[in-house]
Each structure stands twice: as C-alpha cells, then as structure tokens.
Amino acid sequence: MTAMPMDAPALPAPAHGHRGIWAWITTTDHKKIGILYGVSAMAFFIVGGVEALLIRTQLAVPNGEVLSADAYNQMFTMHATTMVFLVVMPAAAAFTNYFLPILIGARDVAFPRLNALSYWIFFFGGLFLTLSFFLGGGADGGWFGYAPLSTEVPEIVRMDYWALGIQVLGVASIASSVNFITTVFTMRAPGMTLMRMPVFAWMATVVSFLLLFSLPIVAIGLFQVYFDRNLGTLFFDAASGGDPVLWQHLFWLFGHPEVYVLILPAMGIVSEVLPTFSRKPLFGRSFVIFSGIAIGFMGFGVWAHHMFTSGLGPVAEATFALTTMFIAVPTGVKIFNWLGTVWGGSLRLNTAMLFSLGFIAMFTIGGLSGVTHSIVPADSQQHDTYYVVAHFHYVLFGGAIFGLMSGIYYWFPKVTGKLLSESLGKVHFWLTFIGFNLTFAPMHFLGLNGMPRRTYRYPPGLGFEFWNLLATVGSFVIALSVMVLLWNWIRSARHGKEAGPDPWDARTLEWSITSPPPEHNFDEIPVVQAEDDWWHRKYSTDEAGRPVPIVAGASGEDDDHDAGDGEGHEGIHLPSPSYYPALAALGMFVAVMGLVYVPWGLLAVAAGAVITLWGFFGWSLEPLTRESH
Amino acid sequence: MNAGATGGRREQGRLARRVGLVALVALVALMLLLLSACSGPDRLGIEDMGLGDLPQNSLNPAGPDAETIDNLFWLVFWIATGVFVVVEAGLLLIVLVFRRRKGSDRPVRQSHGNTRLEILWTIIPSVILAVIAVPTVATIFDLRDPPSLSDDALEIEVTGHQWWWEFHYPEYGFTTANEMHIPVDRPVYLTMTSADVIHSFWVPPLNGKRDVVPGRFTNLTLEASEPGIYLGQCAEFCGLAHADMRHRVFAQTPADFEAWAQHMAEPATVPVSGPASAGYKTFVAVCAACHTVDGTDANGRLAPNLTHLASRTTFAAGTVSNTEEHLREWLRDPSSLKPMRPDLNDIASGRILGMPDLGLDEQQISDLIAFLGTLE
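Because the structure is predicted, anything quoted here is derived from the model rather than measured. (Residues numbered from 1 in each chain as written. Chains lettered and ligands numbered in written order. Predicted model: local features only at pLDDT ≥ 70, side-chain atom pairs only at ≥ 80, totals over all residues.)

## Considering the overall build of chain A
Right, on to step 1. Regarding its fold elements, chain A presents 18 helices and two strands.
Right, on to step 2. Against the 2.2 N^0.38 benchmark of 25 Å for 629 residues, chain A shows a C-alpha radius of gyration of 25 Å, consistent with a compact globule.
Right, on to step 3. Based on the C-alpha atoms only, the size of chain A along its principal axes is roughly 75 × 60 × 50 Å.
Right, on to step 4. In chain A, buried positions account for 64% of the 629 residues.
Right, on to step 5. Counting contacts in chain A only where the partners sit at least 6 residues apart, residues at least 24 apart contribute 82% of the total. (Helix = DSSP H or I, 4+ residues; strand = E, 2+ residues; numbered from the N terminus. Rg over C-alpha atoms; globule rule 2.2 N^0.38 Å. Buried ≥ 20, exposed ≤ 12 C-beta atoms within 10 Å, placed from the backbone. Contact = placed C-beta atoms within 7 Å.)

Encoded structure:
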C-alpha cells in the first residue's frame, strides 16, 4: 500500500528536530514557505490598509487636516507599493508555493533552498520598505516614481528606499519565477500533461514568465534612478540631454505585465473554485488556459496606454488604443467561460463561491471601465483622475483581492485541517462587497467630475464632498470586513470544524491527501489519468453525462490515501532545512541598507556582501540531506 | 465552547451577529470621530462664484474639443452599459436558477465546453470593439491636429513650475501666472514645457489634459464657446503641493479679451510716496530676487510675474482668493497657506521650491500690501 519511492536507497529520514521559530527560518518545505508568504502578505495587508484609511480619513471632508501634504504623499505612494508588491504578489506567491507542487503531483518545488531564499529576500525587502517610515519618511514620489520628480532632492533618501526596495523584491520574484517554471516543466507527476494541469497551475506559470521577462526591464530603470540620485548620472535629466519620458516607457513596460501578474493568479483560483462548487468541469478549459496565455503575451504590448497624455503622437496613441481594446477579447472569453461553468451547475453558495462570483461581477465592471481608457480622447479626461483609481481598484480589489479571498476560504481547510466558519465568512463577504462598492463606485463620479488623483486636499465647491465622504465610509466598512476575516482565521484555526481530506468533494489532487498534507505531500506519486484526476477517481459518468459515484475499492486501484498516517514516508527524499538562504538574504538586506547611505554606507555594503557570500558558500557546500539533531 | 454540531452552528450564527453588531457600533463611533475631524478654512470661495455644482466637470463640455471627447465617451459608455447589464444580469440569473436548494443535490451534466459558443463570444466582443475603434482612431488624429493658419489661433506659451503655472502671450509680450484669459470662439494653441518636473495642464470643460514635460514641448488646443470661468488644476503628480497647483481660464468676448491683453502689456508705475513707496523699496530688496514687476527694478525670473497681481482673482497658484487679509497671512507665513519647500531653494542655480518665510514685520507687510495693491 505504501510503496517505496522510485529510487529507493535508504536515505536517512529528513531531520524534524527543530521546532518553533528556528524551524520556520530554516524551512525548505514549500508548504511552510507558502504559509510564511501568506502570513506576511496578511501583515502587510494591514499596513497597506491603515495607509488607505489614513488617506480616506484625510479626504473625508474638504481641506482635510488629518495629514499634511507631505504625509499624504507618503501614504498614497506606500499604499500602492505595499498593496502591489507586499500584499497581492506575495499572497499569490503563497498559494503558488503551497499548491503548485501539490496540484501537479510533486513533493516540492524544483529548488527548495532557492525557494527559501526568495521568501527571505521578499521578507527583508518588505521590511526595508516599511522601515523607511522610521528612517526619514516613506517614499513620496508615487509608486510609479516618475522622473525627474523621483530623482530630484537626493539628500532626502525616501526614493532611494523605494528604488532599492522594489529592486530587492524583484530579485525575489525572478528567483521564484525560475523556480516555478522549472517545477512545472520538470516535476509533474506521470500522466500530468501540460493540458491536464489545473488552471491555477497554468496561471501561475504564465505569471512566472511575465515576471521573468518584465522585471529585468524595471530593474534597469530602477538602477538608472538610483544612479541619477546617487552617482550624478543624468539618464532622466532633460537639461543635460536625458529623457524623463524614457522612464515612463521602462516603468510601464514592466508595470502593465505586472497588472496581469496581479490578476492572473486570482483568475486561476476562480477557475478552480467555480467548477468545484458548481459540480461541473470548467467550461472551455483549453480556451480559459489559452486566453490566459494570450493575455500574458498581449500584456507586453499595451504599456503606453498609461502614457496617453504624455504626447506620444497620434500614431502611437492609435496603436496602443487598438492593442488595449483587443486585450479585452481574451478577458471576455474568460468571463463567458466562467458563466458557462456555473450555467447548469448545482451551485453551492458558500463563502469561497460568493467571492468567486463577486470576482466575476466586479472584475467585469473594472474591465469595462478599462475599455473606456482605451478611447484615447476620453482617456485624456480620465487619466490621472479618480476614475482611474476606481477602475484599477475594481480590477485589483474587486478582481485580485476577491479572487485571493476566495482562495483563502477554498484552501484554508487544506492548509490547516479546519474549516473556516461559514457564518463569519458570509458576514465577511457581504461587508467586503458592500464596503468595496461604497468606497470605489463613487470614485468614478469623482474622476469624471474633475478630481485628480494624488491630491491631498480639495477645496469645497467642486462637487467632490459627497462622493468623498461616501468613499471614506466605505473604506471603514472594508476595514471592518478584514477584522472579521482575521477573527474567522483565529477562531477557526482553534475551534473550526475538522475539514477532512476532501470537504468540498473537489476535483484536483490536493484533495486526495490529508488536511493538512503530510510533509512529503504524496505517499505515492499519483499517476494521472485525466483532467480533474481526483474527481474521476471518485466519479464516472452515465450516458447523460451525469456523475455516478464509484464505489470505494471497486476501481481496483488503491488510491485512497485519506487515512494516510504518514508512516509511509520513511526514506522519501526531502530537502533538509537550511539557514543559509535566510543568511544570504540577510546579507542583501544589510548591503541594500548601506546603498541608501552612500558613501559611508559602503561599509555596510561590504559587510552585507560578505554575509551573502558566506550564505551562498555554506549553501553550496552543505550536503543535500544530513542529520541535524 | 462548542456543544455539539447543531449547537455549534447556532452558536456560530449568534456569534456572527454579535460580531456584526459590535463592528457596526465601532464603525459609527469611528465615523463620528471622523466627522468631528477638523476641516481647514476655505480661502478660495468657489461656492460663491456661481459656477454651478460641478465647475471642474469633464462631462459639461464648454468648447468644441471637449464636446468631441464627450460624444465619444457617451457612445462607449452606453455600449459598455449594455455589456454590463447583459453580463451582470446573466450572472445573477444563473446564480438564482442554478443555486443548490436544500436536500436536492441533483446530478449535474458534466459538459466540457462548446466550440461554437467559444467562437461566438470571441467574435461578438471583437466586433463591438471594432465599432468603437473606428471613431476612436479618427478622433485621435482630429484632436491632435494643430489649428490651421486660417483659424487665426491665439498662441500662449505655458511653463509648469513646482507649484504654479506661467503663461506668456508672445503676441502681446507679457507674462502672467495661474490665470489665463482667452477669447471665445477662437482656438488657443498652447505650447507647453516644464521648468522642473512633469506636470499636466488640464481644464476639463475645455479639453482633455496634456502632460508638460521638461526638455520637451507639448501642445494643446483650447477653445471655449461661451464666456465664463473654467477651473482646472495640475493633473500629474508633481510633488509636495501638487494638490495646490490650480489654474483658471477666463473666456471673454474678443473685445473684452483685447482690452484685457492691452492692459496686461502695460508696465507698472513705481509709486513715489506713501506706504506703497515704502512697500516698493521692500519689494525690490526682498522679493525681486525671484519676482518681476514689469517697469520696475524687480526682475527675478523664478517666481510668478506680479506686474498685474491686483487684477487677478487668486494667488498662490489659484488656491487662495486675492484679498488683503489672505495676502497678509501669506506674507506672514507662506507655507501656512500652501505647503512648499523653501528650505531647498537655490536661487543661484535657478531652482526654487516655494516662497520662504521672509521674516517681515507688520509694518513691512502693510507697506508691501499697499504696493501690491497698486499693481492693477
């Protein structure tokens, strides 16, 4: 029953001696790293949320005096930077880390220690960005850091923190992209062909490619900003022949694929949740996958729609208007296929499902307002107004966050073994849904009525008062909903109902193993026979195409690992814990800290480099598996 | 805490309600706190200008360019609304019809897709988008066309500064700040650049916005069909006082505009006696490094030209109405009216970030205000 692994030299069992915080610091288990990403993302979600509440409080009434202009500019810059780089990306990374290997039937990612390194670089990058508040102020030049505003006043280090912080986070993302791509292409279980991969795994793969190709572009730009600020280069200084608009191209050539980096994982989650709770396979599966790939490709060809007022000339404007319009086609294909999925299903409207349905409803609004941006003349009115703020919150909150929330309710039982409370979950959903629309729907009107973004105050008499107050009320409702979610987490982790291995009667491999999964994921690497393999092991179909349960054991194939007691993994090769990845990341943190304070900071740069090299050196020499009692 | 499955469920429901109640109370308390949060004084008085409810609205076009944009927007808006209604109503309907009812877990047909449907819902959106694309592309080229010679466009040179606007009228040879006057029914062709960072010039009722970029010249055509005051403000984040970088356009009949322009082209006269004369001396000593008053010894080029300050309705980049009381506040402590960074000023290199606190005494301030009052 519990077969030996394929290559059966009796290696010693991996060390489990460490407990507590040290176990987390040294872990190379993709599941633990996933949890680390998830908890960090939640912590930063609170930070970014507090920043948002301060913004909304300041704008509740005309001529608000809660924040100074200086503090306000820090808040909106750091709110965006935090939410994009420290919340949505790591939250998606959390799900990808935890579930990608399981979904494709693997025991870990391709490079477990690189995976740990990615997390620790991300962690220190987030810490670095957040620490800036206590070391001279948070970044205040916008998350898009337009030059020459971002390169002026080099004696104020805020934008150095921003440029270096994003650079560091980019290193983490590139490393994990390489890791995920390699995992997907080399570690799928037998029979798990690419087209049988769950859609979430597909979207994670597309995202990895997007990051791999787009981050180097902004990395160059960020170096140039840093050099302009600290080394006296003049890349973006118009008076000396530099070009500020070049920065916009570099930033948005990264920045637009980044938008799809944020939304595609949520689309992947929705594509898992809808079939499960409709009790139907995903409608037009291959079309959903290929439209995701198409969005990924086309995402590199629309960046200049962020620059329709920069003066690109009518030919470029018309070109990017057309590409932007046509990226709506694959997006529409996805929405229609999701509708096709729920059509004719038996819909179980639990919290996970509600968030996925909410995703479709809200993302549609964001998509449609996005089409209005592609109308260049109309965009010349909407650009840099609250209309745009409304649009991308419908995409990134109504879209990405709703999708991620759906993923939380869907997978929490797998990760913890406990079900989240459904009654608290529904309170959470409806508070989020109402709060979200109260906050962001009014911004459409504000923008069209002429309120620019990034303005810390507005005089009375422009007609902005009512909508702003409404948006502020809504933001506090959202804050409340987050508290309900946290309470649900804490309470359900302690007192939640036991989930069992397959609480949703779901379709994919993660539900074939215990909740929480054993450290080695699968006692026996599954041999995949079909899409939604787990479902087909449970059900066959009758002539009318309706599912018929397979009587346990009747299939003649012993695939019931539900009662897996973990005894069978003796001798399964798993990566050992290692503290070298965290050490190498710590070195980078020290070095980057030094780079802010050149020239004397160069000492710290040197010290950090030594620590990082020490980390890599130890890493390369440590045995893959060793006793560590 | 939990006593059995059903008890636990009831308990959970009760708990959820209780949490909801507590949360609601907390929310109301927070909102009350918020409403009591102080709101700063209004020194601009837009409400008293009689400009209607939405004086900066992009949906109340007051000229041909804004009108073209508006028409295109509404075309797309109604198409988008159609799609919105179809998708959202469809979703809602599907959820209502196919939701699982208690005790009826009927088996579901496992359909995997339908290629014809896929083709259909690829083609229909493509066609809709093609319908939108044609007028969009045409309008892009139309709006970017500069006015032709026969249009007899008025040219104005715009320079963005942190944080104010400079307007130069080359035909008349004068320079002013933050308040632009234009004749109605005549295109105005703006040639714009920036002295420092990127700004964006935007008067929503008259046209879309256009970025103002250092080292480049960008153009924008404004045309108003009716005389009136049109409000706008900088639309590209440009640093500390981005929110306080406002401008307004006065559209006037051709005769009124001509009279205004001729008046603006006249230099100021140096006052010879009284407090205005004392104020002038202070001005030349303290203010002239940055400010110009044409026809006097004050010829600094880093801050707004003040030759006809008294004829403007606002100062401090269109954020403060031009009253004696406000001027007094401003001269006492400029940064209390508008955030600036005068500590970073470098007059020698020609880069300033706002008006410093000049440390004037009350007598000097009164004299200065007397002098500024002569600059009609």
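## Description of the overall build of chain B
Right, on to step 1. Of the regular secondary structure elements, chain B holds seven helices and twelve strands.
Right, on to step 2. Expected size for 376 residues packed as a compact globule is a radius of gyration near 21 Å; at 29 Å, chain B overshoots this value by more than 25%.
Right, on to step 3. If one aligns the C-alpha atoms of chain B with their principal axes, the spans along those axes are about 100 × 65 × 40 Å.
Right, on to step 4. Across the 376 residues of chain B, 38% fall into the buried class.
Right, on to step 5. For chain B, the share of sequence-separated contacts (at least 6 apart) that also reach a separation of at least 24 residues comes to 64%.

## Quick look at the interface of chain B and chain A
Right, on to step 1. Residue-level contacts link 95 residues of chain B with 102 residues of chain A.
Right, on to step 2. For the side of chain B that touches chain A, the elements supplying multiple residues, two or more each, are helix 1 (5-36), helix 2 (64-98), helix 3 (115-144) and strand 7 (210-212) of chain B.
Right, on to step 3. Split by residue class, the side of chain B that touches chain A holds 53 nonpolar, 26 polar and 16 charged. (Nonpolar A, V, L, I, M, F, W, Y, C, P; charged D, E, K, R; others polar.)

## Observations concerning the sheet that holds strand 4 (residues 179-183) of chain B
Residue and element names in this part refer to chain B.
Right, on to step 1. Taken together, the three strands give an open sheet; going across it, the order is 4-10-9, and neighbouring strands pair in mixed fashion. Every other strand in the sheet has two partners, leaving strand 4 and strand 9 (228-233) as the edge strands with one partner each. The sheet shows a mean angle of 25 degrees between the axes of neighbouring strands, direction not considered.
Right, on to step 2. As paired elements, strand 4 and strand 10 (residues 246-252) share five bridges and run parallel to each other. (Pairing = 2+ DSSP bridges. Axes fitted to C-alpha atoms, helices over the stretch in contact; angles between N-to-C directions.)

## As for the environment of Leu-117 of chain A
All names here are of chain A.
Right, on to step 1. With respect to the element layout, Leu-117 can be found in helix 4 (residues 112-131).
Right, on to step 2. Assessed through the 28 C-beta atoms surrounding it within 10 Å, Leu-117 is described here as buried.
Right, on to step 3. For Leu-117 and Arg-188, which are 71 residues apart along the polypeptide, the C-alpha to C-alpha distance reads 23 Å.
Right, on to step 4. Leu-117 has contacts with Ala-175, Pro-581, Ala-584 and Ala-585, leaving out every residue within four places of it along the chain.

## Some remarks on the domain arrangement of chain B
Residues and elements named next belong to chain B.
Right, on to step 1. Domain boundaries in chain B define domain 1 (50-75 + 117-224 + 233-245) and domain 2 (274-373).
Right, on to step 2. Here domain 1 and domain 2 have C-alpha centroids that lie 30 Å from each other.
Right, on to step 3. The interface is formed by 13 residues belonging to domain 1 together with 14 residues belonging to domain 2.
Right, on to step 4. Only strand 2 (164-169) and strand 3 (174-177) provide two or more residues apiece to the side of domain 1 that touches domain 2.
Right, on to step 5. With three residues, strand 3 is the largest single contributor of residues to the side of domain 1 that touches domain 2.
Right, on to step 6. Split by residue class, the side of domain 1 that touches domain 2 holds six nonpolar, four polar and three charged. (Domains from an automatic or database assignment.)

## Some details on the nonpolar core
Residues and elements named next belong to chain A.
Right, on to step 1. Of all hydrophobic cores here, the largest spans 292 residues; its most connected members are Val-88, Phe-124 and Ala-585.
Right, on to step 2. Per-element tally for this core: the top contributor is helix 3 (residues 69-103), with 23 residues.
Right, on to step 3. Ignoring sequence-local partners within four residues, the contact set of Val-88 consists of Met-83, Leu-262, Leu-396 and Ala-400. (Core = buried A, V, L, I, M, F, W, Y, C linked by C-beta atoms within 7 Å.)

## What to know about the packing of helix 3 of chain A against helix 7 (residues 244-278) of chain A
Residue and element names in this part refer to chain A.
Right, on to step 1. Between helix 3 and helix 7, the least distance of the axes is 10 Å, while the angle of their chain directions is 35 degrees. Our pair here, helix 3 against helix 7, has a crossing hand that is left-handed. Between helix 3 and helix 7, the contacting residues are Val-84, Val-88, Met-89, Ala-92, Phe-95 and Thr-96 on the first element and Val-261, Leu-262, Pro-265 and Ile-269 on the second.
Right, on to step 2. Looking at the contact of helix 3 with helix 7 residue by residue, the classes come out as nine nonpolar, one polar and no charged. (Left-handed = near helix turned anticlockwise from the far one by under 90°.)

## Describing the sheet that holds strand 1 (residues 154-161) of chain B
Consider a sheet: its strands pair through backbone hydrogen bonds, and that pairing is either parallel or antiparallel.
Residues and elements named next belong to chain B.
Right, on to step 1. Spatial strand order, 3-2-1-5-8: five strands in an open sheet with mixed pairing. Looking at strand neighbours, the two that pair on one side only are strand 3 and strand 8 (218-222), the edges of this open sheet. If you compare each strand with its neighbour and ignore which way they point, the axes differ by 25 degrees on average.
Right, on to step 2. Across seven bridges, strand 1 lies against strand 5 (residues 188-194) in parallel orientation. Its bridge partner being in strand 5, Val-158 is matched across the sheet by Met-192.

## Some points on the packing of helix 7 of chain A against helix 10 (residues 328-342) of chain A
Helix-helix packing: each pair is described by the crossing angle between the helix axes and the interaxial distance.
Residues and elements named next belong to chain A.
Right, on to step 1. Their axes nearest at 9 Å, the elements helix 7 and helix 10 cross at an angle of 15 degrees. As judged from the angle between their axes, helix 7 and helix 10 are roughly parallel. Remark: the crossing between helix 7 and helix 10 carries left-handed chirality. Within the contact between the two elements, helix 7 uses Met-267, Val-270, Leu-274, Pro-275 and Ser-278 and helix 10 uses Lys-334, Trp-338, Thr-341 and Val-342.
Right, on to step 2. Split into classes, the residues belonging to the contact of helix 7 with helix 10 amount to six nonpolar, two polar and one charged. (Parallel < 35°, antiparallel > 145°, perpendicular 65-115°, else oblique.)

## Focus on unusual backbone geometry
Right, on to step 1. Put simply, Ala-147 of chain A and Pro-148 of chain A share a cis peptide bond, and its omega is 0 degrees.
Right, on to step 2. Its place among the elements puts Pro-148 of chain A in the loop between helix 4 and helix 5 (158-186).
Right, on to step 3. At the junction of Gln-162 of chain B and Trp-163 of chain B, the peptide bond is cis and its omega measures out at 0 degrees in the coordinates.
Right, on to step 4. Here Trp-163 of chain B shows up in the loop between strand 1 and strand 2.

## Examining helix 6 (residues 324-332) of chain B
Residues and elements named next belong to chain B.
Right, on to step 1. Taken as a whole, helix 6 has its buried residues at Leu-327, Trp-330 and Leu-331. Seen from one end, helix 6 has its buried residues packed into an arc of 95 degrees, which puts them on one side.
Right, on to step 2. Turning to helix 6, the residues buried within the fold contact strand 12 (320-321) and helix 7 (362-373). (Arc of directions from axis to C-beta.)

## Digging into the environment of Phe-251 of chain A
Residue and element names in this part refer to chain A.
Right, on to step 1. Tracing the backbone through its elements, the reader meets Phe-251 in helix 7.
Right, on to step 2. For the pair Phe-251 and Leu-574, spaced 323 residues apart in the sequence, the C-alpha separation amounts to 40 Å.
Right, on to step 3. The contact partners of Phe-251, leaving out residues within four places of it in the chain, are Phe-144, Gly-145, Val-218 and Gly-221.

## Examining the confidence of the model for chain A
Residues and elements named next belong to chain A.
Right, on to step 1. Of all residues in chain A, 93% have pLDDT values of 70 or greater, and the mean over the chain is 92.
Right, on to step 2. In this model, residues 1-15 is a region of pLDDT below 50 whose contacts with residues beyond four sequence positions or in other chains number 27 contacts.
Right, on to step 3. Per-residue pLDDT stays below 50 along residues 554-569; that stretch engages in 21 contacts with residues further than four places along the chain or on separate chains. (pLDDT = per-residue confidence, 0-100.)

## Details of the environment of Val-157 of chain A
Residue and element names in this part refer to chain A.
Right, on to step 1. The residue Val-157 is located in the loop between helix 4 and helix 5 in this model.
Right, on to step 2. Between the C-alpha atom of Val-157 and that of Asp-502, which follows or precedes it by 345 residues, the distance is 51 Å.
Right, on to step 3. With sequence-adjacent residues up to four places away left out, Val-157 is seen in contact with Gly-136 and Val-596.

## A short note on the confidence of the model for chain B
All names here are of chain B.
Right, on to step 1. When the pLDDT values of chain B are averaged, the result is 92; 94% of them are 70 or greater.
Right, on to step 2. Contacts from residues 1-5, a stretch scored under 50 in pLDDT, to residues over four places away or in other chains number six contacts.
Right, on to step 3. Of the two predicted TM-score estimates for the complex, the pTM is 0.93 and the ipTM is 0.92.

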